[in-house]
Amino acid sequence: MLEKSALILHSFLPSGGPYRLSELVARTGLSKPTAHRLTADLTRLGWLERTGAHYRLGAKLFELGALVPRRRDLRETALPFLQDLFEATHEIVHLGVREGLDVVYLERIHGHNAVWLPSRIGGSLPLTCTGVGKALLAFSDAELTERVLSQPLPRLTPYTITDPEQLRTSLEQTQVSGLAYEEQEAAEGVSCIAAPVFVGGTAVAALSVAVPRARFRPAQLAPAVRTAALGLSRGLRGGAR
């Protein structure tokens, strides 16, 4: 039952729903009676919420997720640097970590008139389509890179890189410059610049600034992104002592 309950919860990835019971049955492969019984139990526990005929993830999961020590500590250490980056740019700022072949967003700071992006706190997107994801992938081990490049690359917009060799070149450029660029690959009309955050030579996270394409000025944004990433790297190293 625990594994079947996990199937239901995992079926909400990556969008978070909401879904009807029939959709959950299709996404999990469970029988309708089993899915009905488990969704009722998960709703009673607060792990799911039901509105009419639709289910979505419950607040109890958010409370539990916020208590995961590694992510909580990373987010708390990062917040001042993310806030400084937002103040310097007044654009959307992200913090993300790698989870398998995806980037999971731990924080997002934006103003009142922020453009629409598919990113959200707790949500995930493919590593290959996002600035944060590319920054993490570029400084991951070669085995992971080859695994990603050997599979079909997901497409989120007409501008998403789906050619493995083109993506490989992009990652190599990131390794040289220390900055990853994403131009309308996750959302049309929006570009992004990102930098990895290191602890002990390992990229443990990445942060980024996402900007409407019309005012994307990498040369102006790069120093602020670099400064925030370096500051967070130092802060994490200091906390590890």
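Residues numbered from 1 in each chain as written. Predicted model: local features only at pLDDT ≥ 70, side-chain atom pairs only at ≥ 80, totals over all residues. Heavy atoms only, no water.

I'd like a description of the pairing of strand β2 (residues 48-51), backed by residues and values.
Note that β2 and strand β3 (residues 54-57) share 4 bridges and pair antiparallel. Within β3, the position partnered with Glu49 by the bridge is Arg56. Following β2, the chain reverses through 2 residues before pairing antiparallel with β3; Gly52 in that reversal takes a positive phi of roughly 65°. (Pairing = 2+ DSSP bridges. Helix = DSSP H or I, 4+ residues; strand = E, 2+ residues; numbered from the N terminus.)

Pulling in residues and values, what's your account of the nonpolar core?
By size, the foremost hydrophobic cluster in this structure holds 28 residues, and its most contacted members are Leu95, Ile193, Leu207, Val209 and Val225. Secondary structure elements with two or more residues in this core: α5 (69-89), β4 (92-99), β5 (102-109), β8 (190-199), β9 (202-212) and α9 (218-240). The greatest single-element share of this core, amounting to 7 residues, is contributed by α9. Setting aside chain neighbours within four positions, we find Val209 in contact with Leu85, Thr89, Glu91, Ile92, Val93, Ser191, Cys192, Ile193, Leu221 and Val225. In terms of nonpolar packing, the next biggest core, distinct from the first, is built from 19 residues, Leu137, Leu144, Leu149 and Ala180 among them. (Core = buried A, V, L, I, M, F, W, Y, C linked by side-chain atoms within 4.5 Å. Buried < 20%, exposed > 50% of the residue type's maximum accessible area, 1.4 Å probe, protein only. Contact = heavy atoms within 4.5 Å.)

So, the packing of helix α2 (residues 21-28) against helix α3 (residues 32-45): which residues are in play, and what are the values?
For the pair α2 and α3, interaxial distance at closest approach is 10 Å and the crossing angle is 115°. What the angle tells us is that α2 and α3 run roughly perpendicular. Like other packed secondary-structure pairs, α2 and α3 cross with a definite hand, here right-handed. Contact with α2, carried on its side by Leu21, Leu24 and Val25, involves Lys32, Ala35, His36 and Thr39 of α3 and no other residues of that element. For the contact of α2 with α3, a count of residues per class yields 4 nonpolar, 2 polar and 1 charged. (Axes fitted to C-alpha atoms, helices over the stretch in contact; angles between N-to-C directions. Parallel < 35°, antiparallel > 145°, perpendicular 65-115°, else oblique. Left-handed = near helix turned anticlockwise from the far one by under 90°. Nonpolar A, V, L, I, M, F, W, Y, C, P; charged D, E, K, R; others polar.)

Describe in detail the sheet that holds strand β6 (residues 124-126), supporting the description with residues and values.
Consider a sheet: its strands pair through backbone hydrogen bonds, and that pairing is either parallel or antiparallel. Here 6 strands make up an open sheet; going across it, the order is β6-β5-β4-β9-β8-β7 and the pairing antiparallel. Edge positions in the sheet fall to β6 and β7 (180-183), since each of these pairs with one other strand and no more. Neighbouring strand axes in the sheet, compared pairwise and without regard to direction, differ in orientation by 30° on average. Of the strand pairs in this sheet, β7 and β8 are connected by 4 bridges, and their pairing is antiparallel. Residue pairing in the sheet places Glu182 in a bridge with Cys192 of β8. On the sheet, helix α6 (residues 131-138) packs against β4, β5, β7, β8 and β9 and is oriented at approximately 150° with respect to β9.

Requested: an account of the pattern of salt bridges, with residues and values cited.
Between side chains of opposite charge, pairing is possible as soon as their charged atoms come close. As enumerated under the stated definition, the model contains 7 salt bridges in all. Where Arg75 meets Glu107, a salt bridge forms, and the shortest distance between an N and an O atom there is 2.6 Å. Here the residue Arg75 occupies a position in helix α5, and Glu107 occupies one in strand β5, the gap between them amounting to 32 residues. Residues participating in the shared-partner salt-bridge network are Glu146, Glu165 and Arg168. (Salt bridge = Lys/Arg side-chain N within 4 Å of Asp/Glu carboxyl O.)

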